Amino acid sequence: MSTQAAAPSSLPLVASKPKKQPYPFYLGGVAATIAASITHPLDLTKVRLQASGDKGMVDSIKKTVRTAGVRGLFDGITGTWMRQMSYSLCRFWAYDESKRILGATPQSPAWVLATAGVMAGSIAGVVGNPGEVVMVRLQGDFAKPPEKRFNYKHCFDALFRMVREEGPSSLLRGVGPNVFRSILMNSSQLASYDFFKAELLKTKYFDDNIACHFTASFAAGTVATTVCSPADVLKSRIMNASGPGSSSTIGVIRSSLATEGPMFMFKGWLPAWSRLQPTTILIFLTLEQLKQLVDWKRGSL
């Protein structure tokens, strides 16, 4: 009786898929800078509505064009660039790191993603505060009477003059509302984008493509505008003020409540939505395309 030797297995060995490398930390900042440059006129109008007595978005735009020409719609754009390459760069990096620490995945519950957003917002709100103050002042300057203007030449002139004339503490003006707003923004915008994208991909109607990215970012922009409006109004009014006692959050709230009522917290919601909605869409569409470009260069697309 002969014994038959076992034939060696002919099944091929499947190589494990290499772990995907993290994307460059600066991608979020670059995407946000591109988006903010495109939507700058709307952001400028929102800040001037919140910080001045302009009646509405269209009136504010007309006033800007009438007093400074079409180029006036891009007043303070260097401040916008400084803000995006400090605050936005930091928040996207910190959000990804926070998700890594928490072990979050695209299938994680919304509260886990929101927690990562809170962690990122707490850091980015402090890091980006100087750029935030510079941006708000540059954008709001021409809405003031000539004798009350700062007349900064550009973002670095604003930064150096603030330190020289008002002291280093001026760079932290409004840091409380700004950090609070940053926490709200990142826990609503970034987390809701990830959440909506994951939910859309669970359906049979969406693949991981531009249609999915657009829909998820549209929903995220609406959520973020509504959640952030009160802190955004307070931040703009405090940062645009100067002089002793003008940086008190409680003082600004009391004064605004007395003169305008509780709805002042949502003043500028429409221009804020009109600005944040396309900005949110542009940020995430640009970010997804930049990620694809990185994947292509790495040969992993």
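Residues numbered from 1 in each chain as written. Predicted model: local features only at pLDDT ≥ 70, side-chain atom pairs only at ≥ 80, totals over all residues. Heavy atoms only, no water.

Student: When you look at the packing of helix α4 (residues 77-102) against helix α7 (residues 155-166) in this model, what are you seeing that I'm missing?
Tutor: How two helices sit against one another is set out by the angle between their axes and by the gap between those axes. Interhelical geometry of α4 versus α7 gives an angle of 75 degrees and a closest axis separation of 8 Å. By the angle class used here, α4 and α7 are roughly perpendicular. Side by side, α4 and α7 meet where Thr-78, Gly-79 and Met-82 of the first sit next to Cys-155, Phe-156 and Leu-159 of the second. (Axes fitted to C-alpha atoms, helices over the stretch in contact; angles between N-to-C directions. Helix = DSSP H or I, 4+ residues; strand = E, 2+ residues; numbered from the N terminus. Parallel < 35°, antiparallel > 145°, perpendicular 65-115°, else oblique. Contact = heavy atoms within 4.5 Å.)

Student: How should I be thinking about the pattern of salt bridges in this particular structure?
Tutor: When their charged atoms lie close together, side chains carrying opposite charge are able to pair. This model, assessed by the stated rule, comprises ten salt bridges. For Arg-83, the salt bridge is made with Glu-132, and the minimal N-O distance between the two is 2.8 Å. On the criterion of sequence distance, the pair formed by Arg-83 in helix α4 and Glu-132 in helix α6 (residues 129-140) is long-range, its members being 49 residues apart. Asp-194 is the partner of Lys-99 in a salt bridge, and the nearest nitrogen-oxygen pair spans 3.0 Å. Of this pair, Lys-99 sits in helix α4 while Asp-194 sits in helix α8 (residues 175-202), placing them 95 residues apart in sequence. (Salt bridge = Lys/Arg side-chain N within 4 Å of Asp/Glu carboxyl O.)

Student: Quick question: what am I supposed to make of the nonpolar core here?
Tutor: For soluble globular proteins, the rule of thumb is that nonpolar side chains tend to be buried together. Residues Phe-92 and Tyr-95 are the most contacted members of the largest nonpolar core, which totals 24 residues. Mapped onto this core, the elements with two or more residues apiece are α1 (27-38), α4, α5 (110-127), α8, α9 (210-240) and α11 (269-298). Top contributing element to this core by residue count: α11, with five residues. Not counting residues up to four positions away in its chain, the partners in contact with Tyr-95 are Leu-113, Ala-116, Gly-117, Ala-120, Leu-190, Ala-191 and Asp-194. (Core = buried A, V, L, I, M, F, W, Y, C linked by side-chain atoms within 4.5 Å. Buried < 20%, exposed > 50% of the residue type's maximum accessible area, 1.4 Å probe, protein only.)

Student: Would you mind going over α1 with me for this structure?
Tutor: Structural remark: α-helix, 3.6 residues per turn; residues separated by three or four positions point the same way. If you check α1, its first and last C-alpha atoms are 17 Å apart, about what twelve residues at 1.5 Å a residue would give, namely 16 Å. Restricting attention to buried positions, one finds in α1 the residues Leu-27, Gly-28, Gly-29, Ala-31, Ala-32, Thr-33, Ala-35 and Ala-36. (Expected span 1.5 Å × (residues − 1).)

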